Amino acid sequence: MAKRATAGDHSTPKKKSKVDGSKQMRLDDFLSPTKAPSGSASNTSHTRTTRSPIKTPEIINVDMFEDRPLKTSTKSTTLSALPAHPAETKSPSGSPAKVFQLRDSRPTVVDYAPLDNNPLLYSPDDQPWTSADVPYSFLCHALATLSQTRSRIAIINTLVNTLVTVIARHPPSLLPALYLLSNSLSPPYAALELGIGSSVLSKAIQHVSGLSAPALKRLYNTTGDVGDVAFAAKSKVRTLVPHAPLTVKGVYESLLKIARCKGQGAAQQKGKIVEQLLVAGNGEEIRYLVRTLAQNLRVGAVRTSILTALARAFALHPPQQSSSSTSLFHVSKSLRERAARVSGKKSSSEVSNQEEVKEIFSRAETLVKEVYVQRPCYDDIASALLQHGLPQLAQSVPLTVGIPLHPALGSPNRSFDEIYDRLGGAPFTAEFKYDGQRAQIHARRDEEGKTHVKLFSRHLEDMTTKYPDVVATIERMLLDAPATTSFILDSEIVAIDLTTGELKSFQELSNRPRKGAKLENIKVAVGVFAFDLMYYNQQSLLLAPFRERRALLRSKFSPFNPDDKTLARFDFVDSCESTAGKAAVTEFWEKAVSSRCEGLMIKVLDSMGDNDSSPPASRISRKSQLPATYEPDKRTSAWLKLKKDYIEGMGDSLDMVPIGAWYGNGRKAGWWSPILLGLWDPSAGRVIAMCKCMSGFTDAFYKNLSESYSLNSDDCSDQSRWDCELGGFRPDVYFKPKEVWEIRGADVTESPVSLAALGLIAGNRGLSLRFPRFIRLRPDKSIEQASTPSFLAGIYSQQQGKPVVTGADDGDLVDRVSEEGSTYESEERSDGE
């Protein structure tokens, strides 16, 4: 029977005298869907008439690979290329492939104990390995368990038991395990990336498996996942000699070597390391190695879950040298046994034991999350926990100049009436909300008098080299203030006109180079507008009220307007006090709008709450307090934002992720329209589709969009390749979630096809946006910082005057403890089961 034609069959000639490395097919090329035939529309034009019919891919059944007597050769010392099909027995050069008669030297698969059971009943000694290091196959066992569930209980239990095992059996593997579970290599500010191109991964899989690019493509058309392709491709490969088992620590160190390969020949060096990992890997190790290398782990272990599990793991298994065994953060062996013992209807003592465990877990989680948002570095946190345990964690890992903390966040509001209603009689200040880039500025002067300055973005990326003019200004200010030795301040960097002092738009600011800018080449001048001070002269100010922090900021720093045009300007945000009256605040609002600002930030000056000493008439009528302290990674009612887009229509714009599109019709034929947009679900670690958008785009934007998301690119496919929850939406093409758009709509409505916020509102429907309109790109945000389903549910509830269902996760690390509980029992109300 004749073979069915596929794109892969046309993309690789049957005979070729020499391998052309420059034309090596990229992984996403032969793993992507069939390209449009020649003569169709160009990359920037997509219409229904130009698409070729989708052909059913030929399936490669890996089980058909047979061990058969094959010729031997002395030229190879590692792998056998076992042919999948008689037509594929030729090497890439066209000559007969040289294959080997090899014995199966793979180790027996280890039967690991389950990880998703109750951590109170789990023992790390039940895991069967005998080596000193933690086998990578054990971590893959955990990842496989995580990938098979969406239950928050099962996810947390699996992570806790995994980390407990690592801590008990090989503590040095804790840090590598944390990074591998979080699909990262380093803190976000370190900017350490694998930098593996699709061609490197493609070549490695081909060399290790012996399969051709078309064969791998057919596998991908069957499985839809690069890790699954690699798993199937290597399932019948035999090695000459056994390889040493992969370890968690060894895999992580290999990834670091890949990330540090620089300069000429880096791609070859990276390819060799990748091949070594794939040769040594077996079974599930191959699947998760490739997913890690492709930066798409596809498990539900998001940051909050990992921190929760880390806290519970050390509460259950503190280091022997610490004093945790007698602290408020330790679940003793006897308490664990009592809390785990449940017979029929719970007795009062059983309930009491479980409540005690619940309180210990809650304290531990709160501590770990508070430390992390102030110093988001697993290296420092893991080292401190292993050395001192939970009791000394805050002292061992303090707020530090040079390491960014998560910024405080503002809650949206529709109008001044709503703001005054929420704040009651609390005094506040209204500040310009500039249309620029948020910048966290760290500076210190060492003992030798040398200055050190770092700038970090909202999502903690180091952008020091993007703003050399700001760095020069801060260095000058630090030298001119001998009493100031170190500080961390919060600010907004805005493009300005040096002649008139007029503020410019964010689009002007985005024209600057992203990194490596030179002072002499700067064409877009900027001003730094400071609005908060979090650290000054070796002292943290996070717990000080905003009134005190602001006073210190303005007393220790002065406006700086140098004559040198290559230096940035420094000033404080323009502000207006609530004591000036509503009329003055309203007039200040009009000034902000006319000054090209986004709106206002409203900030409470002094902490207010039910326990304050203010008269009852002026008490805040909210259950939670209004903390005037600096709250990293939190949205509180003490910081409120009022943007000019809020005054009419929906009370807040949404930061959404484009994840798909349909082919345009009529005037928009050849473009993607409408666009499918989604929200970031932090509890699931994926984007969830919410609505279509086809308003607010210019023709130029459509053209750029078609180029950015071309079917010939790595970021667009006519098959669902990325882990997104689509609900009832079925777009023509799918986009790789990679950027954030600001979207505004008339209001939030219930939807029969959207799953966004499902379970967070009354009824059995999700939420969508009526008349969505594109506002702008948000290059300052990562997809993990897009709006969440619970944020959308809050907007909807404000519209309807209805409460939000408890258990929502807004993505804030510390607030989650009080919102949804913190133990394995309370999570049953929010995991969707």
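Numbering of residues starts from 1 in each chain and follows the order in which that chain's sequence is written. Given that the model is predicted, a residue must reach a pLDDT of at least 70 before its local features are reported, and side-chain atom pairs must reach 80 or more before they are shown or counted; all residues, however, enter totals for whole chains, interfaces and linings. Note that water and hydrogens are dropped before the side-chain values are worked out from all heavy atoms of the structure.

Per an unreviewed UniProt entry, the protein chain carries the name DNA ligase and comes from Coprinopsis cinerea. UniProt positions are given in the numbering used here, feature names are shortened, and annotations may be inferred rather than shown by experiment. In its Subcellular location (unreviewed entry) section, the UniProt record describing the protein chain reads: "Nucleus".

*Asks:* Would you mind going over the pattern of salt bridges with me for this structure?
*Replies:* Side chains bearing opposite charge may pair, as long as their charged atoms lie close to each other. The salt bridge criterion pairs a side-chain nitrogen of Lys or Arg with a carboxyl oxygen of Asp or Glu, the two atoms within 4 Å. Counted according to the given criterion, the structure contains 26 salt bridges. For Arg-291, the salt bridge goes to Asp-228, with nearest N and O atoms at 3.2 Å. Note that Arg-291 is positioned in helix α11 (residues 284-293) and Asp-228 in helix α8 (residues 226-233), a separation of 63 residues in sequence. Each member of the pair, Arg-291 as well as Asp-228, is classed as buried. In this structure, Asp-723 engages Arg-686 in a salt bridge whose closest nitrogen and oxygen atoms are separated by 3.2 Å. Residue Asp-723 is located in the loop between β15 (716-717) and β16 (724-725), and its partner Arg-686 is located in strand β14 (residues 686-693); the two are separated by 37 residues in the primary sequence. Taken together, the shared-partner salt bridges in this structure form one network comprising Lys-433, Asp-435, Glu-598, Asp-655, Glu-742, Arg-776, Arg-778, Asp-780 and Lys-781. The secondary structure listing takes helices from DSSP runs of H or I that are at least 4 residues long and strands from runs of E that are at least 2 residues long, numbered from the N terminus. Exposure categories follow from relative accessible area, calculated using a 1.4 Å probe and restricted to protein chains: below 20% of the type maximum is buried, above 50% is exposed, and the middle band is partly exposed.

*Asks:* I keep staring at the packing of aromatic side chains and nothing clicks. Help me out?
*Replies:* To describe a pair of aromatic rings, you give the distance between the ring centres and the angle between the ring planes. Working definition: rings of Phe, Tyr and Trp (its six-membered ring) pair if their centres are within 6.5 Å, and the pair is stacked with planes under 30 degrees apart, edge-to-face with planes over 60 apart, and tilted otherwise. On inspection of all chains with the given rule, the structure shows 29 aromatic pairs. Where Tyr-372 meets Tyr-378, the ring centres are 5.5 Å apart and the plane angle is 40°; that geometry is what we call tilted. With centroids separated by 5.7 Å and ring planes inclined at 65°, the aromatic side chains of Phe-697 and Trp-741 adopt a geometry described as edge-to-face. Taken together, the residues span a long stretch of sequence, with Phe-697 in the loop between β14 and α22 (699-708) and Trp-741 in strand β18 (residues 741-744) at a distance of 44 residues. We note that Phe-697, like Trp-741, is buried. The structure contains a cluster of three or more aromatic residues connected by ring pairs, namely Trp-671, Phe-697, Phe-701, Tyr-702, Trp-741 and Phe-774. Sitting above the plane of the Trp-129 ring, Arg-169 keeps its charged end 4.1 Å from the centroid. Lys-603 extends its terminal NZ or CZ atom over the ring of Trp-639, reaching a point 4.0 Å from the ring centre. Whether a charge sits over a ring depends on NZ of Lys or CZ of Arg being within 6 Å of the ring centre and within 35 degrees of the ring normal.

*Asks:* What is the right way to read the pairing of strand β11 (residues 635-643) from this model?
*Replies:* For a regular strand, side-chain orientation follows a simple rule: the groups alternate between the two sheet faces. Buried residues dominate β11, accounting for eight of its nine residues. Bridge analysis of strand β1 (residues 409-412) against β11 gives four bridges, and the strand direction is parallel. Bridging from a neighbouring strand, Ser-411 pairs with Leu-640 of β11. As judged from the five bridges shared by strand β10 (residues 599-604) and β11, these two strands associate in the antiparallel manner. In the sheet register, Lys-603 faces β11, and the bridge partner there is Trp-639. Two strands are counted as paired when DSSP detects at least two bridges linking them.

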